[in-house]
Amino acid sequence: MNFQRRLKDHMSSFNNHRLQENLHKFAPENGGIKSFTWGQLVRTPNFYKLFFSLNPNYICSKGEIQILIALTQFMPRVLEQAYFDHYKPELNGNKNKNYQVVFKFLNWDSSSLSDPVVLEDNLLKDKTLSPKDKYNYHKYIAKDEFNNIVAGSNSMNGLSSLLGLSLQGLKYHLNRESFVLARSLSLNVSVQEYNVIPKGIPIEYYKTKKASRPELKLSKDLSSLETGNIFIYALDKETVIAKKPTAPLIFKHLNPKLSLNLNSKELKVKTDNMATYINKESVYYSESGDYYLAKNPNYAINAKSSIILIDLNTYEGTICESKRECSRILSKKLDKNIQLGTISRNNWLDSGIIISQNDEKYILLSKSLFFSLISVAEDDLNLNIIKKVINEASDSTPTKGLEYKSLDLKLCAQGLENYIINSATNVNKKS
């Protein structure tokens, strides 16, 4: 565990560059960061570092590296669990919730003990070479934070495979004074060409191939556009073809055939690429035609937004502040383990898909789509009350002991039923 990196992560959260937990929300209202005292509670042995200090010429296999890291992590994580159980911290946790510290190597594969971190077998079998000399034959190498060589290959593709990195990620950090997590080793490494001294940080040298594109000029000011939606404009920049609350829905609308053949990861990549055209003077070419994409500059399409979990038996809506909270609440209601990624992989959000188990039936809607559906409610007063409750739930600081707020959506039942029926019909047509 790297105390310096952990502190840096906390600082990023305080500055709202990473996800904020209770601690990071509490600090600004209670004296700021300077009111906290940071320090180590306990020091434990780093078996990984100790082993290499005693055996500098030994080349570990992938499995041996994982064992040394697991031994190093075991003691502090057991102590961390003990602190959680004893003190039940509120700022760095929730005293009403039992936290379980995660050990990454519970499903460790013993066959990795024989997995090399150098690719050429003929070099591994060459008895005339010392272990360290074998790395002289590799153009690309990876070093840990203690300057030990942990992997090598004659190609960037080979090294990226060994480390569990994308080729793009390896190129970004190559020959720079930076570290990146090698997922296959669970180790932070620097990557470089052999005998090349790393210099500078990646951002100073990395050059994007994308040219700067000018801002989109419509017949109206962008800031006058309705917030909560992305607009598809015809090439005349006046005619609105359609509007949707999220980028994935825009992509599916414009590329219906392609969307059917994409998994969730591929869809995200395509959607992220499409989003670069929003508010830019660049035509987006799709299956449905060529268009401009626009939104109000104040509408953050990637911002965390409320999700409405609706029980279709009772028409009670549960307001979730994030996908993580939604997965937790859904797990309780269905009495099964719903992971954060399950919602995205199964395309449950805003798709009209009914999540069912036994006699229970639920549907997930984003806040913006929910508003568009419940606008059919006959009682405007009820609609305004619902909007007020949702805004309070998503904008205010969570109240202690309050897990979520509920809504009675019986007035909106017809609108929801129509949406589900239409969504099911569209899915059947596409299939």
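Residues numbered from 1 in each chain as written. Predicted model: local features only at pLDDT ≥ 70, side-chain atom pairs only at ≥ 80, totals over all residues. Heavy atoms only, no water.

- Within an unreviewed UniProt entry, the label attached to the protein reads GIY-YIG homing endonuclease, and the organism entered is Phallus indusiatus.

**Considering the overall build of the protein**
Here's step 1: For the protein, the helix and strand inventory stands at 16 helices and 13 strands.
Here's step 2: Out of the 431 residues in the protein, the part that is buried amounts to 37%.
Here's step 3: Restricting the contact set of the protein to residue pairs at least 6 apart, pairs at least 24 apart contribute 52%.
Here's step 4: Carbon and sulfur atoms provide 51% of the accessible area of the protein, an area that totals close to 26,100 Å². (Helix = DSSP H or I, 4+ residues; strand = E, 2+ residues; numbered from the N terminus. Buried < 20%, exposed > 50% of the residue type's maximum accessible area, 1.4 Å probe, protein only. Contact = heavy atoms within 4.5 Å. Areas by Shrake-Rupley, 256 points an atom, 1.4 Å probe, with all protein chains shown as cover.)

**A look at the packing of helix H9 (residues 247–254) against helix H11 (residues 264–275)**
Here's step 1: It is the contact of H9 with H11, at a shortest axis distance of 9 Å, that shows an interaxial angle of 95°. Put simply, H9 runs roughly perpendicular to H11. Two secondary-structure elements touch here, H9 through Ala 247, Pro 248, Ile 250, Phe 251 and Lys 252 and H11 through Leu 267, Lys 270, Thr 271 and Met 274. (Axes fitted to C-alpha atoms, helices over the stretch in contact; angles between N-to-C directions. Parallel < 35°, antiparallel > 145°, perpendicular 65-115°, else oblique.)

**Section: the sheet that holds strand E4 (residues 187–193)**
Here's step 1: The strand order E2-E1-E4-E3 describes an open sheet built from four strands, whose pairing is antiparallel. Pairing within the sheet leaves two strands with one partner each, and these edge strands are strand E2 (149–153) and strand E3 (180–182). Ignoring strand direction, the axes of neighbouring strands in this sheet form an average angle of 40°.
Here's step 2: Pairing geometry for strand E1 (residues 140–143) and E4, over four bridges, is antiparallel. Its bridge partner being in E4, Tyr 140 is matched across the sheet by Glu 193. (Pairing = 2+ DSSP bridges.)

**Observations concerning the packing of helix H3 (residues 47–54) against helix H4 (residues 62–87)**
A pair of packed helices is characterised by two quantities: the angle between their axes and the separation of those axes.
Here's step 1: The interhelical angle for the contact between H3 and H4, taken along N-to-C directions, is 130°, at an axis separation of 7 Å. Regarding the angle of H3 to H4, the classification is oblique. Here Phe 47, Tyr 48, Phe 51 and Phe 52 of H3 lie close against H4, whose contacting residues are Ile 65, Leu 68, Ile 69, Leu 71 and Thr 72.
Here's step 2: A breakdown of the residues in the contact of H3 with H4 according to their chemical character gives eight nonpolar, one polar and no charged. (Nonpolar A, V, L, I, M, F, W, Y, C, P; charged D, E, K, R; others polar.)

**Quick notes on the environment of Lys 257**
Here's step 1: Tracing the sequence through the fold places Lys 257 in helix H10 (residues 256–260).
Here's step 2: Along the chain, Lys 257 and Ser 288 lie 31 residues apart, while their C-alpha atoms are 9.8 Å from each other.

**Thoughts on the nonpolar core**
Here's step 1: In this structure, Leu 163 and Val 189 are the most contacted members of the largest nonpolar core, which totals 21 residues.
Here's step 2: Broken down by secondary-structure element, the contributors of at least two residues to this core are H3, H4, E1, E2, helix H6 (156–163), E3 and E4.
Here's step 3: When neighbours within four sequence positions are excluded, Val 189 is seen to be in contact with Ala 142, Lys 143, Val 150, Leu 163, Ser 178, Phe 179, Val 180 and Ala 182.
Here's step 4: Within the second largest apolar cluster, 15 residues are counted, among which are Ile 250, Ile 278, Tyr 291 and Tyr 299. (Core = buried A, V, L, I, M, F, W, Y, C linked by side-chain atoms within 4.5 Å.)

**Digging into the state of the cysteines**
Here's step 1: Within the structure shown, the criterion is met by zero disulfides.
Here's step 2: In this structure Cys 320 is a free cysteine whose sulfur lies 4.1 Å from that of Cys 326, the closest cysteine sulfur available.
Here's step 3: Residue Cys 320 is classed as buried on the basis of its relative accessible area, which comes to 0%.
Here's step 4: Judged by relative accessible area, which is 0%, Cys 326 ranks as buried. (Disulfide = S-S within 2.5 Å.)

**Some points on the pairing of E1**
Here's step 1: Side chains of E1 alternate between two faces, with Tyr 140 and Ala 142 and Ile 141 and Lys 143 buried alike.
Here's step 2: Bridge analysis of E1 against E2 gives four bridges, and the strand direction is antiparallel. Its bridge partner lying in E2, Lys 143 is registered against Ile 149.
Here's step 3: The hairpin formed by E1 and E2 contains five residues between the paired strands, and Asn 147 there has a positive phi angle of roughly 70°.

**Brief notes about the sheet that holds strand E5 (residues 230–233)**
Here's step 1: Strand order across the open sheet formed by four strands is E6-E5-E8-E7, with antiparallel pairing between neighbours. Looking along the sheet, the strands with just one partner apiece sit at the ends: strand E6 (240–244) and strand E7 (284–286). Across the sheet, the axes of successive neighbouring strands diverge by a mean angle of 35°, strand direction being ignored.
Here's step 2: Two elements, E5 and E6, share four bridges in a ladder whose sense is antiparallel. Within the sheet, the bridge partner assigned to Phe 231 lies in E6 and is Lys 243.
Here's step 3: Strands in contact with H9 are E5, E6, E7 and strand E8 (289–295); relative to E5, the strand with the most contacts, it is inclined by about 25°.

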